[in-house]
Amino acid sequence: MADADLKLLYRELVSLEIELWDGIEGRLRAEYDLPLTSFEVLHLLRQQPGRRIQDIAEKFSITVGGTSKVVDRLEAAGLCQRRANPNDRRSSIVELTPAGRKLVDGALKVFEEELELRIGSVIPERSVREVTAVLSTLRAAGRALDAERKATAQTSSSAMRAPKQPGRPAS
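So, how was this worked out
- Residues numbered from 1 in each chain as written.
- Predicted model: local features only at pLDDT ≥ 70, side-chain atom pairs only at ≥ 80, totals over all residues.
- Heavy atoms only, no water.
- Patch = residues over 30% accessible without salt bridge, like charges linked within 9 Å, V, L, I, M, F, W, Y side chains within 5 Å.
- Areas by Shrake-Rupley, 256 points an atom, 1.4 Å probe, with all protein chains shown as cover.
- Salt bridge = Lys/Arg side-chain N within 4 Å of Asp/Glu carboxyl O.
- Helix = DSSP H or I, 4+ residues; strand = E, 2+ residues; numbered from the N terminus.
- Buried < 20%, exposed > 50% of the residue type's maximum accessible area, 1.4 Å probe, protein only.
- Phe/Tyr/Trp six-rings, centres within 6.5 Å; stacked < 30°, edge-to-face > 60°.
- Axes fitted to C-alpha atoms, helices over the stretch in contact; angles between N-to-C directions.
- Parallel < 35°, antiparallel > 145°, perpendicular 65-115°, else oblique.
- Left-handed = near helix turned anticlockwise from the far one by under 90°.
- Contact = heavy atoms within 4.5 Å.
- Nonpolar A, V, L, I, M, F, W, Y, C, P; charged D, E, K, R; others polar.
- Expected span 1.5 Å × (residues − 1).
- Pairing = 2+ DSSP bridges.

Caption draft 1: Fine view of a nonpolar patch on the surface. Residues Met 1, Leu 6, Leu 9, Leu 13, Val 122, Ile 123, Val 131, Val 134, Leu 135 and Leu 138 make up a contiguous nonpolar surface patch of roughly 910 Å² in combined accessible area. Contributing elements (two or more residues each) for the nonpolar patch: helix H1 (3–32) and helix H6 (125–160). In this structure Val 122 comes out as exposed when scored by relative accessible area, which is 58%.

Caption draft 2: Region of the structure containing the packing of aromatic side chains. By the definition in use, this model includes 1 aromatic pair. Relative to Phe 111, the ring of Phe 39 has its centre 4.8 Å away and its plane inclined at 35°; by these criteria the two rings are tilted. With Phe 39 in helix H2 (residues 36–47) and Phe 111 in helix H5 (residues 98–120), the pair connects residues that are 72 residues apart, well separated along the chain. Taking the relative accessible area as the measure of exposure, Phe 39 reaches 0% and is therefore buried. The buried category is assigned to Phe 111, whose relative accessible area is 13%.

Caption draft 3: Focus on the packing of helix H3 (residues 53–60) against helix H4 (residues 64–76). Packing of H3 against H4 brings their axes to within 9 Å, and their N-to-C directions diverge by 110°. Classified by the interaxial angle, the pair formed by H3 and H4 is roughly perpendicular. Helix-helix and strand crossings are classified by hand; for H3 and H4 the assignment is right-handed. Across the interface between the two elements, Ile 53, Gln 54, Ile 56 and Ala 57 from H3 touch Val 64, Thr 67, Ser 68 and Val 71 from H4. Among the residues forming the contact of H3 with H4, the class breakdown is 5 nonpolar, 3 polar and no charged.

Caption draft 4: H5, seen in detail. Counted at 1.5 Å a residue, the expected span for H5 with its 23 residues is 33 Å, and the 31 Å between its end C-alpha atoms agrees. Residues of H5 that are buried include every one of Gly 100, Leu 103, Val 104, Gly 106, Ala 107, Leu 108, Val 110, Phe 111 and Glu 114, and no others. Turning to H5, the residues buried within the fold contact H1, H2 and strand E3 (92–96).

Caption draft 5: Representation of the sheet that holds strand E2 (residues 80–84) within the structure. Spatially, 3 strands are ordered E1-E3-E2 in an open sheet, and the strand pairing comes out antiparallel. Either end of the sheet is taken by a strand with one partner, and the two such strands are strand E1 (51–52) and E2. Sheet topology places E2 next to E3; 5 bridges connect them, and they run antiparallel. Directly across from Gln 81, in E3, lies its bridge partner Glu 95.

Caption draft 6: Highlighting the packing of H2 against H3. At a closest axis distance of 11 Å, the pairing of H2 and H3 adopts a crossing angle of 115°. Remark: the crossing between H2 and H3 carries right-handed chirality. Counting all contacts with H2, which are made through Glu 40, Val 41, Leu 44 and Leu 45, the residues of H3 involved are Ile 56, Lys 59 and Phe 60. Grouping the amino acids of the contact of H2 with H3 by side-chain chemistry returns 5 nonpolar, no polar and 2 charged.

Function cannot be inferred from these measures alone, as they are strictly geometric.
And the structure:
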């Protein structure tokens with residue numbers, strides 16, 4: 001495949017993501033004073049109640065620390081709350097408050113309207129499904145590549161470290 005074609009595809013994908021994010025976030029901020037990142041977390045908690053910080057981080061491919069900061073802000077605003085995880089004392093479960101549910105339900109309508117305006121009204125439903133499938137395939141391939149590289153790096157670094165022998169100081 002031509003290098004220029006891949007670079008153009010990359011640029012189009014990145015630009016689309018930025019423009020789509022900015023457009024949707026602009027409307028959510030204007031109508032609900034809600035950043036898109038916060039909406040995404042609230043929406044996930046609406047769809048899948050009782051998620052841990054780790055679950056939220058994995059869903060959005062972001063760090064646990066970043067996720068915790070978003071949840072801290074949402075909790076301070078009274079939109080969600082943490083409670084002890086009955087299955088793991090080291091973690092907590094994040095749940096929407098009634099105010100969080102009300103906010104996300106209203107914001108969801110704006111979100112869906114913007115998706116329809118920016119995507120649904122531009123390309124046919126069949127194309128939406130096709131593009132979604134292609135993007136899912138690309139993301140899965142990228143995650144597999146990253147996992148392979150991580151495994152290779154761990155194997156290489158552990159092979160380079162000589163095991164410490166009893167009674168001998170490490171050199």
